[in-house]
Amino acid sequence: MKIKIILNSNPFFSASASANRWLTLIEGLNKFEVSIQLLIIGNFQSNAEKDNYNRSSNVNGIQIKYLTNKIVEGLWQRRFHNYIGKHLQNKFVSKKIKKELQGFDGIVWAENDLSIWKILNQIVNKNFKLIAEMSEFLDIHNYNKGNLLQRKLGDAKQNYFEQNYINTLDGFILMTKTLMQHYEQFSLLNTKLLHLPMTVDLERFDKSQPIPEGFQQPYIAFVGVMNDAKDGVNILIESFAKIHKQFPQYKVYLVGAWNYDTPIHQKSIANYNLQNKVFWKGEFSREKIPQIIKNANLLVLPRPDSKQAQGGFPTKLGEYLATSNPVCATTVGEIPNYLTDEKSVFFAEPGSIDSFANAMQKALNNQEAAKLIGKMGCEVAKTSFNKDIQSAILYNFLKQL
């Protein structure tokens, strides 16, 4: 079996949730008789990436080929590229992709990107099978903070997928049953659907890790998007403010890149006089994340109920569970389908500061019981989110195509 995967960025070099999902599936498939090539169209993100991967490289048998030679580094350069730069080089990239796929008779798997979809739809007399994967609803841009341009681009992407691209697919992989039910309503032609839950590489989290520099035990850790609508960071800060005097030895570390809501969080931390208790640490590389969450005494996911939570499933939750550390989470989306309160997780009501404070209180008050619950959570990750199990299901699905 031959697979070409078209991506904007190299998942081996990124720390995002999307990159983690790609890596678990790519590395899982790599254990089977599959020839995998990644075609990277979104430029190098730094000189270090260019030095490590050049234009073409090989990682454990996985071929990586960059179709451009530019370096787009830093927040503002990336924004310019996403809004303007990539459209300027679209014609060049289009020629490169078409050349790579000429006569190819395997499987093509494209990242969810409007410009890539349009390029693939221009190819006539396709010899390959086309697949896609979706991990959340395409209309969540209407519910999150963003500017007018982001909303217009989001609408264009959703409309093109639902009106054009979906019916060119041979296979469609969906992370949740909610998404399955949504897309089963479409008049699909020859598209086969597969429910493939969130996946985690358990080996990344099963060993002892050194405490990362700048972190002091005991601590509570949140890793994710510093976004209130998606991940409820505001709820975490206010919940901890309610209980921090009962647990004076604990600190809270917020790990994630700057977001629209970050200034609000900083103000809230100051208002509650938590400057010596709650720390925004910024973004860390993928290699550092296991150190951060493995050494935490409690891992938290205060995600509120939202369209994004209903259709998606947080990758970070699988990583949390894989550490065997106790986890506090909210009962949103399909999370309760896998976890049970005070058996494999400490559950809280979404959007409730008091409920989340109470869940953290339970976990911190009885650490021995919390450790057992953390171990049971890890067992759930092993059976339900194990990348090796899910990759075998994916491999068999692709073979059918």
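Now for a look at the structure at hand.

Each value, and the rule that gives it
Residues numbered from 1 in each chain as written. Predicted model: local features only at pLDDT ≥ 70, side-chain atom pairs only at ≥ 80, totals over all residues. Heavy atoms only, no water. Helix = DSSP H or I, 4+ residues; strand = E, 2+ residues; numbered from the N terminus. Contact = heavy atoms within 4.5 Å. Phe/Tyr/Trp six-rings, centres within 6.5 Å; stacked < 30°, edge-to-face > 60°. Buried < 20%, exposed > 50% of the residue type's maximum accessible area, 1.4 Å probe, protein only. Lys NZ or Arg CZ within 6 Å of the ring centre and 35° of its normal. Axes fitted to C-alpha atoms, helices over the stretch in contact; angles between N-to-C directions. Parallel < 35°, antiparallel > 145°, perpendicular 65-115°, else oblique. Left-handed = near helix turned anticlockwise from the far one by under 90°. Nonpolar A, V, L, I, M, F, W, Y, C, P; charged D, E, K, R; others polar. Core = buried A, V, L, I, M, F, W, Y, C linked by side-chain atoms within 4.5 Å. Pairing = 2+ DSSP bridges.

Moving on to the side chain of Asn259. Following the sequence through the fold, Asn259 ends up in the loop between strand S10 (251-255) and helix H10 (262-271). If we ignore the near neighbours within four places in the chain, the residues touching Asn259 are Val225, Met226 and Asn227.

Further remarks concern the packing of aromatic side chains. All told, the structure shown has 20 aromatic pairs when counted by the stated rule. Between Phe215 and Tyr253 the ring centres are 4.6 Å apart and the planes differ by 55 degrees, which places this aromatic pair in the tilted class. In this pair, Phe215 is assigned in the loop between strand S8 (192-195) and strand S9 (219-223) and Tyr253 in strand S10, connecting sequence segments 38 residues apart. Residue classification places Phe215 among the buried residues on the basis of a relative accessible area of 8%. Ring pairs connect the aromatic residues Trp117, Phe161, Tyr165, Phe172, Tyr183 and Phe186, which therefore count as one cluster. Lys118 extends its terminal NZ or CZ atom over the ring of Tyr160, reaching a point 5.7 Å from the ring centre. In this structure, Lys307 is placed above the aromatic ring of Phe137, and the distance from its NZ or CZ to the ring centre is 4.6 Å.

Where helix H9 (residues 233-243) meets helix H14 (residues 353-365), the axes come as close as 8 Å, and the angle between the chain directions of the two elements is 60 degrees. Viewed along their axes, H9 and H14 adopt a mutual orientation that is oblique. As for the relative orientation of H9 and H14, their crossing is right-handed in sense. Counted together, Ile235, Leu236, Glu238, Ser239, Phe240, Lys242 and Ile243 of H9 and Ile353, Asp354, Phe356, Ala357, Met360, Gln361 and Leu364 of H14 form the full contact between these two elements. Partitioning the contact of H9 with H14 into residue classes produces nine nonpolar, two polar and three charged.

To continue, consider the nonpolar core. Counting residues in hydrophobic clusters, the biggest one holds 63 residues, and the most contacted among them are Leu254, Val300, Cys328 and Met360. At seven residues, the largest contribution of residues to this core is made by H9. The residues touching Met360, leaving out its near neighbours within four places in the chain, are Leu236, Ser239, Phe240, Ile243, Leu298, Val300 and Cys328. Counting residues in hydrophobic clusters, the runner-up holds 33 residues, among them Leu39, Leu101, Leu120 and Leu169.

A sheet is described by the order of its strands in space; here eight strands give the open sequence S3-S4-S2-S1-S5-S6-S7-S8, paired in mixed fashion. Looking at strand neighbours, the two that pair on one side only are strand S3 (56-59) and S8, the edges of this open sheet. Pairs of neighbouring strands in the sheet enclose a mean axial angle of 20 degrees, with direction left out of account. Pairing analysis gives four bridges linking strand S6 (residues 129-134) to strand S7 (residues 171-174), with the strands arranged parallel. Looking at the pairing, Ile131 lines up with Gly171 of S7. Along the sheet face, helix H5 (residues 114-121) touches strand S1 (2-7), strand S5 (107-110) and S6 and points at about 150 degrees away from the line of S5.

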